[in-house]
Amino acid sequence: LLRAVSEAGVRTRAPLMLINWTNEEGARFSPPMMGSGVAMGLFGEAEVLAKADPAGAVFGEELSRIGWRGEADPAALQHLGAYFELHIEQGPFLEAEGADVGVVTGASAQAWFEVTVTGAEAHGGNGMAMRRDALVATAQMVSAVEGIAHEVGGNGTVGRITVSPDSRNVVPGRCWFTVDLRHARAARLAEMERLLRARIGAIAAARRVAAAGAPFLAFPETLFDTVLVGRVRAAAAARGYAWRDMPTGIGHDAVYLARRVPTAMIFCPCHGGLSHNEAESITPAWAEAGLRVLADAVLATAGIV
């Protein structure tokens, strides 16, 4: 978009800025979306720079090591006039419906937890009756997370589990796992959280283990700016693209930006809804449609001299 604007000699009333956010995924250093979170004042800069990965490497030190630790004041970005983000859907709906563009109206509420289950280590050759197996209890809790998601109509994911002592002939005495709950409506997410606490407690009691859960991260239900969303719709319609309104159930930097800055998102279809997978792919036509809608909405917002 910036290259096309420059090559066409277009001048805008408001300057255009491209931002490459740091650590959107949070795969190595958590929480995710660190760069946009600090810029919007949701995390302290010193707090984030002190985060460590599972091996003990410190985020700020790693940024310095690779030459990417900057000195600019990130809070200056809270004065942006508008923010647009183009992304693949990471879901199957646009492709299944034959739509070219998704007009993202907002983001689902999310709640992340960490749960520690404590039983008792025992030799694998001992009898079954008196076991307090933390892993079997955890397996039932993982199944409960899936059941809650189906029951309430949201999403529930257990993405990480660690087992201790992690020996093939020892009954596990401790398990730690993560829970990611999401729903488009905050009230329904609260119901999922209530059911999670109740069912983990019931499973722990039945299996004679202890279970302790702690909140890790939460995202409120977030609506994007109606004026900017309207410009995305208008751009898609003017181009003759098939489009649909849709929320996103996935965290994006746009979700943090929306708390301080007028924000909108555009989705492109992706094959099979695959994302975070080596088979993830889109077509040039899908990319072109998304970029044309992005360009029109951005230029309508920035204004052409």
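Scroll up a little and you will see the structure.
Here's a quick rundown of the structure.

Thresholds applied
Residues numbered from 1 in each chain as written. Predicted model: local features only at pLDDT ≥ 70, side-chain atom pairs only at ≥ 80, totals over all residues. Heavy atoms only, no water. Helix = DSSP H or I, 4+ residues; strand = E, 2+ residues; numbered from the N terminus. Buried < 20%, exposed > 50% of the residue type's maximum accessible area, 1.4 Å probe, protein only. Areas by Shrake-Rupley, 256 points an atom, 1.4 Å probe, with all protein chains shown as cover. Lys, Arg positive; Asp, Glu negative; His and termini not counted. Charge placed at Lys NZ, Arg CZ, Asp CG, Glu CD. Salt bridge = Lys/Arg side-chain N within 4 Å of Asp/Glu carboxyl O. Contact = heavy atoms within 4.5 Å. Disulfide = S-S within 2.5 Å. Expected span 1.5 Å × (residues − 1). Polar contact = N/O pair within 3.5 Å; in protein donor to acceptor, adjacent residues only side chain to side chain.

A short note on the overall build of the protein
Scanning the protein from terminus to terminus reveals 10 helices and 12 strands. Overall size of the protein, expressed as C-alpha extent along the three principal axes, is 80 × 45 × 35 Å. Looking at the protein as a whole, 40% of its 305 residues qualify as buried. Summed over its atoms, the accessible surface of the protein is roughly 15,900 Å², and 54% of this surface lies on carbon and sulfur atoms. Positive and negative side-chain charges in the protein, numbering 27 and 32 respectively, have mean positions lying 5 Å apart.

Things to note about the side chain of Glu85
Of note, Glu85 is situated in strand E1 (residues 83-88). Arg182 provides the closest opposite charge to the buried, unpaired Glu85, separated from it by 12 Å. With sequence-adjacent residues up to four places away left out, Glu85 is seen in contact with Glu24, His252, Asp253, Ala254, Ala264, Met265 and Ile266.

So, the state of the cysteines
The term disulfide refers to a covalent linkage connecting the sulfur atoms of a pair of cysteines. Using the criterion set out here, one finds zero disulfides in the structure. Lacking any disulfide linkage, Cys270 is separated from the closest cysteine sulfur, that of Cys268, by 9.2 Å. With relative accessibility at 0%, the residue Cys270 sits in the buried group.

A closer look at helix H10 (residues 284-302)
Side chains of residues three or four places apart in an α-helix project in the same direction, reflecting 3.6 residues per turn. With 19 residues, H10 ought to run about 27 Å at 1.5 Å a step, and its terminal C-alpha atoms sit 26 Å apart, in line with that. Listed as buried for H10 are Trp286, Ala289, Gly290, Val293, Leu294, Ala295, Ala297, Val298, Leu299 and Ala302. Looking at the buried positions of H10, the neighbouring elements they touch are helix H1 (2-7), E1, helix H5 (93-97), strand E2 (101-107), helix H8 (226-238) and strand E12 (263-268). With its phi angle positive at about 85°, Gly303 sits one or two positions after the end of H10.

Quick word on H8
With 13 residues, H8 ought to run about 18 Å at 1.5 Å a step, and its terminal C-alpha atoms sit 18 Å apart, in line with that. Buried residues along H8 sit against E1, E2, strand E11 (243-248), E12 and H10. With a side-chain oxygen positioned 3.2 Å from the backbone nitrogen of Val227, the residue opening H8 is Asp225. Once H8 finishes, Gly240 follows within two positions and takes phi at roughly 80°, a positive value.

All we've got here are geometric facts, nothing functional implied.
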